[in-house]
Amino acid sequence: MKMSPSTFYYSSSASESADEALRIEIESVIRLLPDSGYRAVTAKLREKMQINTKRVLRVMRKYDLLCRKTRKFSVKTTQSGHKLCKFPNMLKDVKVERPAQILVGDVTAFDIQGKDHYLALLMDLFTRENVGMAISDKNDTALVLACLDDAAAHPSGIRGAIHHTDSDVRYCSAEYVARATALGLTMSMTVGNVYENAHAESLNKTFKRQ
């Protein structure tokens, strides 16, 4: 290549300095938001600078700042052993290309002063934004309906989206299906395979670790 070894192994000190400066910014975000992934860190950094996720991921890998989560078990929130209508999984082979195309939802339990409470979420799979949210001390149909109504009021709109959840009895209830259908949503569910709703499950774990 007609190149000296010193030229081949040259590393820009300016690049190293920029990575070091970004590392300091990332660490300040992680102290504020423990156990955050690179997407959450990027979103926080964008409040004061222009930065892309690829660079944040590279620097977090370089300085070993990526969080390594352990597997945890939680209160069972899904009741899928019922005889109500369950909808087929509509996400297979679907490419996520735009906002308000796919909403993924789930309910998770968490403890407040020794008492179980429940959080229902609906997330836009393209933007990773929570467009619907509701909290209650009861894991019932009213909880998921409140979350759905919150999503319906979101400025981006949800009409025409695929609504993907597990096959929990609350999502399959006649009241919930009627409300979702009236909002122009296409029902989609996982039946027997929780990994088909992995995005919502991952989001719940992130909330629990904050």
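All of the points below concern the structure found in this document. Values in this document were obtained by computation on a predicted structure and should not be read as measured data.

### Thoughts on the overall build of the protein chain
Thought 1: Assigned secondary structure in the protein chain consists of 8 helices and 5 strands.
Thought 2: Sequence-ordered secondary structure for the protein chain, helices as α and strands as β, is α-α-α-α-β-β-β-α-β-α-α-β-α.
Thought 3: Counting all 210 residues of the protein chain, 37% fall into the buried class.
Thought 4: When contacts within the protein chain are restricted to residue pairs at least 6 apart in sequence, those whose partners lie at least 24 apart make up 61%.
Thought 5: Accessible surface, the protein chain: about 12,700 Å² in total, of which carbon and sulfur atoms supply 54%.

### Regarding the side chain of Arg 170
Thought 1: In this structure, Arg 170 sits in helix α6 (residues 169-172).
Thought 2: Its relative accessible area of 7% is what places Arg 170 among the buried residues.
Thought 3: Side chain to side chain, Arg 170 and Asp 168 meet in a polar contact 2.8 Å long.

### Side note on unusual backbone geometry
Thought 1: At Ala 100, a position not held by glycine, the phi torsion is positive, near 60°.
Thought 2: Its location among the elements puts Ala 100 in the loop between α4 (53-62) and β1 (102-112).
Thought 3: One non-glycine residue, Arg 128, lies in positive phi territory at about 65°.
Thought 4: Residue position: Arg 128 is located in the loop between β2 (115-124) and β3 (130-136).

### Side note on the packing of helix α3 (residues 38-45) against α4
Thought 1: Their axes nearest at 9 Å, the elements α3 and α4 cross at an angle of 120°. Classified by the angle between their axes, α3 and α4 sit oblique to one another. Pair α3 / α4 crosses with right-handed handedness. Seen from α3, the contacting residues are Tyr 38, Val 41, Thr 42 and Leu 45; seen from α4, they are Thr 53, Val 56, Leu 57 and Met 60.

### Topic: the environment of Arg 179
Thought 1: Inspection of the secondary structure assignment puts Arg 179 in helix α7 (residues 174-182).
Thought 2: Since its relative accessible area comes to 32%, Arg 179 is described here as partly exposed.
Thought 3: The spatial distance from the C-alpha of Arg 179 to the C-alpha of Leu 148 is 8.4 Å, given a sequence separation of 31 residues.
Thought 4: Beyond its immediate chain neighbours, meaning those up to four positions away, Arg 179 contacts Leu 145, Leu 148, Asp 149 and Ala 152.
Thought 5: At 2.8 Å, the side chain of Arg 179 forms a polar contact with the side chain of Asp 149.

### A word on the packing of aromatic side chains
Thought 1: Following the criterion strictly, the structure yields 1 aromatic pair and no others.
Thought 2: Ring plane angle 80° and centroid distance 5.4 Å describe the contact between Tyr 171 and Tyr 176, whose orientation is recorded as edge-to-face. Comparing Tyr 171 with Tyr 176 shows no difference in burial state: the two are buried.
Thought 3: Looking at Arg 23, its charged tip hangs above the ring of Tyr 63, at a distance of 5.5 Å from the centre.

### A short note on the pairing of β1
Thought 1: Of all 11 residues making up β1, 8 are buried, and the element is well covered by its neighbours.
Thought 2: The pairing of β1 with strand β4 (residues 162-166) spans 3 bridges and is classified as parallel. Pairing of Leu 103 across the sheet is with His 163, part of β4.
Thought 3: As paired strands, β1 and β2 are joined by 10 bridges and run antiparallel to one another.

### Observations concerning the pattern of salt bridges
Thought 1: Across all of its chains, the model carries 10 salt bridges by this definition.
Thought 2: Across the pair Arg 58 and Asp 19 runs a salt bridge, and its minimum N-O distance is 2.9 Å. With a gap of 39 residues between them, Arg 58 in helix α4 and Asp 19 in helix α2 (residues 13-32) connect regions that are remote in the sequence.
Thought 3: With a relative accessible area of 41%, Arg 58 lands in the partly exposed category.
Thought 4: Between Asp 137 and Lys 115 there is a salt bridge; the shortest N-O distance is 3.3 Å. In this pair, Asp 137 sits in the loop between β3 and α5 (141-152) while Lys 115 sits in strand β2, placing the two residues 22 residues apart along the sequence.
Thought 5: Residue classification places Asp 137 among the partly exposed residues on the basis of a relative accessible area of 33%.
Thought 6: Given a relative accessible area of 43%, Lys 115 falls into the partly exposed group.
Thought 7: Sharing partners across several salt bridges, the network here consists of Asp 19, Arg 58 and Lys 62.

Parameters and conventions
- Residues numbered from 1 in each chain as written.
- Predicted model: local features only at pLDDT ≥ 70, side-chain atom pairs only at ≥ 80, totals over all residues.
- Heavy atoms only, no water.
- Helix = DSSP H or I, 4+ residues; strand = E, 2+ residues; numbered from the N terminus.
- Buried < 20%, exposed > 50% of the residue type's maximum accessible area, 1.4 Å probe, protein only.
- Contact = heavy atoms within 4.5 Å.
- Areas by Shrake-Rupley, 256 points an atom, 1.4 Å probe, with all protein chains shown as cover.
- Polar contact = N/O pair within 3.5 Å; in protein donor to acceptor, adjacent residues only side chain to side chain.
- Axes fitted to C-alpha atoms, helices over the stretch in contact; angles between N-to-C directions.
- Parallel < 35°, antiparallel > 145°, perpendicular 65-115°, else oblique.
- Left-handed = near helix turned anticlockwise from the far one by under 90°.
- Phe/Tyr/Trp six-rings, centres within 6.5 Å; stacked < 30°, edge-to-face > 60°.
- Lys NZ or Arg CZ within 6 Å of the ring centre and 35° of its normal.
- Pairing = 2+ DSSP bridges.
- Salt bridge = Lys/Arg side-chain N within 4 Å of Asp/Glu carboxyl O.

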